[in-house]
Amino acid sequence: MTLSISKIIQLKPSFKQAFLVAITLLFITACRKDDIDVIPEPEDEEEVVEEEDPGCEGVFEEVITYFDGGAFESGPYLAAYPGSWWTYSNEDSLYCELGHTHIKNLTSRNFETCEEYYNYTEVTVPQIIGNYTRNSGEGYIYADSILVDIEGETVIAQQISTEVGSQWYEFIDNTHAYENPWYTFYPEREVIEHYDSLELPNGNWFYDVLEISQVLRYDGKDGEWLTGYYHLFYANEIGLIWEKNIFVPSYDRHLEDYYIAPH
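Residues numbered from 1 in each chain as written. Predicted model: local features only at pLDDT ≥ 70, side-chain atom pairs only at ≥ 80, totals over all residues. Heavy atoms only, no water.

What follows concerns the pairing of strand β3 (residues 93-110). In this structure, strand β2 (residues 85-88) lies alongside β3, joined through 3 bridges in antiparallel fashion. Its bridge partner being in β3, Trp 85 is matched across the sheet by Tyr 95. In terms of strand pairing, β3 meets strand β4 (residues 115-129) through 15 bridges, oriented antiparallel. In the sheet register, Lys 104 faces β4, and the bridge partner there is Tyr 120. Adjacent in sequence and paired antiparallel, β3 and β4 are bridged by 4 residues, among which Cys 114 carries a positive phi angle near 55°. (Pairing = 2+ DSSP bridges. Helix = DSSP H or I, 4+ residues; strand = E, 2+ residues; numbered from the N terminus.)

This is the structure in structure tokens:
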């Protein structure tokens, strides 16, 4: 319902004053609204992103120092003499030749320049070609050990000890298993017995024989477990004569024939 000016004048003074106050407030509000609408909104400040130092991220440039290491011979229980050969009951056939390889050792890392420093020693050693033993790598024989490459470095993996009861790890390799956290792989050896003579399953006799156990062990998040267990028999000046697989006997192999080259 709209009030005319004449009717507004006829209102009681109290109502008249209230009405005029309301009209005045509406007028002021309308004027201020126009001012508010034109006030610019503050611009968003640009977010400053600090770039992180990516680091080397595991990628290093190799800086290699070369050395001439000379020649190395086999120990008598591995009997890796170039020109020798061995055949086994499972049809494995091995032979030995003169090999040339290197021993590569990491000496330091520079995380600012992303450089890795290695000593790279060229060596001449006997090499056994074929499936010699577990973890034998490419079969480079270094006295009583085998040279094994692990993540770009050379590990001298001991194979033989003549002391009954002695124990050692061939090497310890930290690596990643599927989606699990890190586990550790332990190829462990122990000298069990030293025989004056020993008969193989085929009736052949050998003398001065070492019996060495080899356990392939994993230690990880879910506990410890074995993946292989063998007894290895080495005859002096003959080499590996018998490999007994304790877990899977059908995988056994023993020496059928051999030739040891003059040395």
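Okay, the pattern of salt bridges next. Scanning the model with the defined rule gives 6 salt bridges in all. For the salt bridge of Glu 170 with Arg 189, the shortest nitrogen-to-oxygen distance reads 3.3 Å. One end of the pair, Glu 170, is in the loop between β8 (167-169) and β9 (173-176); the other, Arg 189, is in strand β10 (residues 182-199), and 19 residues separate them in sequence. Judged by its relative accessible area of 0%, Arg 189 falls in the buried class. Between Glu 188 and Arg 217 there is a salt bridge whose closest N-O contact spans 3.1 Å. One end of the pair, Glu 188, is in strand β10; the other, Arg 217, is in strand β11 (residues 205-220), with 29 residues separating them in the sequence. (Salt bridge = Lys/Arg side-chain N within 4 Å of Asp/Glu carboxyl O. Buried < 20%, exposed > 50% of the residue type's maximum accessible area, 1.4 Å probe, protein only.)

Turning our attention to the pairing of strand β13 (residues 239-245). Of all the 7 residues making up β13, 6 are buried; the element is thus mostly covered by neighbouring parts of the structure. Two elements, strand β12 (residues 223-235) and β13, share 6 bridges in a ladder whose sense is antiparallel. The residue of β13 that forms the bridge with Tyr 230 is Asn 245. Hairpin geometry of β12 and β13 is characterised by an intervening segment of 3 residues between the two adjacent antiparallel strands and by a positive phi of about 65° at Glu 237. Where β13 lies against strand β14 (residues 253-259), 2 bridges are found, and the strand directions are antiparallel. Within the sheet, the bridge partner assigned to Glu 243 lies in β14 and is Arg 253.

Any functional reading would require information beyond the geometric quantities listed.
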